[in-house]
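Summary of structural features
Below are the chains, spelled out letter by letter.
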Amino acid sequence: MELPYSEPYKIKMVEPIYPSTREERVKWITAAKFNLFNLKSNQVLIDLLTDSGTGAMSDRQWAAIMMGDESYAGASSYYNLKEAIKNIIGFDYFLPTHQGRAAENVLFSAMVKEGQVVPGNSHFDTTKGHIEFRKAHAIDCTIDEAFNTTLEHPFKGNVDLNKLEKVYKEYPKEKIPFVIITITCNSSGGQPVSIENMKAVSELSKKYGIKVIYDSARFAENAYFIKLREKGYENKTIKEIVKEMFSYADAMTMSSKKDGIVNIGGFIGMRDEELFKQASFYNIIFEGYITYGGMAGRDMNALAVGLDEATEFVYLQSRIEQIAYLGKKLKDAGVPLQQPFGGHAIFVDAKRFLPNLPKEHFLAQTLAVELYIEAGVRGVEIGAILADRDPDTRENRFPDLELLRLAIPRRVYTYKHMDVVAQGLINVFERRNEILSGYRIVKEAPLMRHFTVELEKI
Ligand code: PM9
């Protein structure tokens, strides 16, 4: 009989977590105005709020930290990272930033102007925020299949080429600074984009003279799905697939807190020297000198190692299989999920979970609060609160997908933790008919309201 695989690491350091009672959790979440971002971390048993910056670094990464060069200019850590980006991703030019949205801020300052449109596949909220902050508009061109959570499709992150070409025909090229492809596509459920689709977007965009940018936070997970699902890639290494993926892009933004397996950091990768020069100007204003851009030398060193580790098959297999284990347990119990399972998270379909509640009750948020009260598990809403208001009409936007995301930090939790998460959500599912109302907003910020929103029970 074939042996099962196991995690390709053993644990050297642990951090205690504490259980709490249901009564304590009700008190804490009420004081937090039903916004899970307002909870203290010690009020949470299993924290699936995000997989961003929450991973466990390896001994190689900690060793690299000790070798960090903190010189203001020209640090060896910068050159280590530059070399890793060139070798793994393939871009000649790069700028470090303190995290992903900072990379967006710098690059978009150089590229996006008021009145422009930026097509893409379900732009992430910070990406959309940085587009709308510049009084430009994000246009969603994701394939329709992504919005039917019951449909099995190998690449639900794909861009619909007809939708994209419609944008290219409707607007002059001066109005479209670039198309942005998010790999994997977080907002549609951690779903991958195929190489075929990346290539087709690149060819179409070349025809219309439009640049292609990747939002690359989970690029390695995307490559893993390509290896498993796309014909012709089964025998290629993850690193070979990554190189090909990026060969179809002109530039990239990166939140290194995800597939860089570091706690903080980001960068912009570029092919074109002229764009690098323009972006460097904004990097110096917003982030720091071009050879550190908001990152400590030690963190750049850890990131160089993290990029290498994240693009190894055995690491990706253990990560993505753990998520699938959680997904399968929930699916077997009938919990409605986005399928196939995502690369970094399980996305629970709150519309199908709570079909009797009106959308104005913020279904995914309601579910997130219920799961926290049930089991001390913190997930995050990817739904109408996150979708924010329309910048023109200021009306609430109710997206097609109303999801509760359970994002799994890298190399942090065990299969036993997954059992607790699954049972907690299954318990909520079994009493779902007793959930008769959700929440209304009492206070919100003008942009990216989900971080600080205050709610009350309806
Ligand atoms: N994503 C996430 O949890 C962290 C912020 S919301 C709790 O999924 C993509 C695809 C992301 C992303 C962050 C960013 C921004 C850009 N693109 O958080 O600024 O998923 O490093 O990256 C989060 P930073």
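Structure: above.
The sections below set out a description of the structure shown in this document.

Definitions and limits used
Residues numbered from 1 in each chain as written. Predicted model: local features only at pLDDT ≥ 70, side-chain atom pairs only at ≥ 80, totals over all residues. Heavy atoms only, no water. Pairing = 2+ DSSP bridges. Helix = DSSP H or I, 4+ residues; strand = E, 2+ residues; numbered from the N terminus. Axes fitted to C-alpha atoms, helices over the stretch in contact; angles between N-to-C directions. Contact = heavy atoms within 4.5 Å. Salt bridge = Lys/Arg side-chain N within 4 Å of Asp/Glu carboxyl O. Buried < 20%, exposed > 50% of the residue type's maximum accessible area, 1.4 Å probe, protein only. Near = heavy atom within 4 Å. Polar contact = N/O pair within 3.5 Å; in protein donor to acceptor, adjacent residues only side chain to side chain. Areas by Shrake-Rupley, 256 points an atom, 1.4 Å probe, with all protein chains shown as cover. Parallel < 35°, antiparallel > 145°, perpendicular 65-115°, else oblique. Left-handed = near helix turned anticlockwise from the far one by under 90°.

1. Notes on the sheet that holds strand β9 (residues 345-349)
In space, the 3 strands of this open sheet follow the order β9-β12-β11, with antiparallel pairing throughout. Both edges of this open sheet fall to β9 and β11 (380-382), since each of them pairs with a single strand only. Neighbouring strand axes in the sheet, compared pairwise and without regard to direction, differ in orientation by 35° on average. Against the sheet, helix α14 (residues 363-375) touches β9, β11 and β12 (403-407), its axis set at about 45° to β12.

2. Quick word on the pattern of salt bridges
Under the definition given, this model contains 29 salt bridges. Notably, a salt bridge pairs D47 with R378, separated by 2.7 Å at the nearest N-O pair. Of this pair, D47 sits in strand β1 (residues 46-47) while R378 sits in strand β10 (residues 377-378), and the two are 331 residues apart along the sequence. Look at R378 and you get buried, because its relative accessible area is 6%. Salt bridges sharing partners connect three or more residues here, namely D51, R218, E221, D259, R319 and R410.

3. Quick word on the site of the ligand
The ligand sits among 18 residues. The nearest are T50, R101, S255, K258 and R405. A distance of 2.7 Å separates an oxygen atom of the ligand from a polar side-chain atom of R101. R218 has a polar side-chain atom sitting 3.0 Å from an oxygen atom of the ligand. If the ligand stood free it would expose 530 Å²; the protein chains cover 95% of that surface. Examining the composition of the shell around the ligand, we find that 3 residues originate from one element, helix α4 (residues 100-111), more than from any other.

4. A closer look at the packing of helix α3 (residues 76-88) against helix α11 (residues 297-310)
In contact at an axis separation of 8 Å, α3 and α11 are set at 20° when each is read in the N-to-C sense. With respect to α11, the element α3 is oriented roughly parallel. The crossing of α3 and α11 is left-handed. Each of S77, Y78, N80, L81, A84, I85 and I88 in α3 lies in contact with α11, whose residues at this interface are G297, R298, M300, N301, L303, A304, L307 and D308.

5. What about unusual backbone geometry?
Cis geometry marks the peptide bond from I183 to T184; its omega dihedral reads -20°. With respect to the element layout, T184 can be found in the loop between β5 (178-182) and α7 (195-208). Across the junction of Q339 and P340, the peptide omega takes the value -5°, indicating a cis bond. For P340, the position within the fold is in the loop between α12 (313-332) and β9. Even without being a glycine, K135 presents a positive backbone phi close to 60°. Residue classification places K135 among the exposed positions, given a relative accessible area of 54%. One non-glycine residue, R411, lies in positive phi territory at about 60°. Structurally, R411 is set in the loop between β12 and α16 (415-430).

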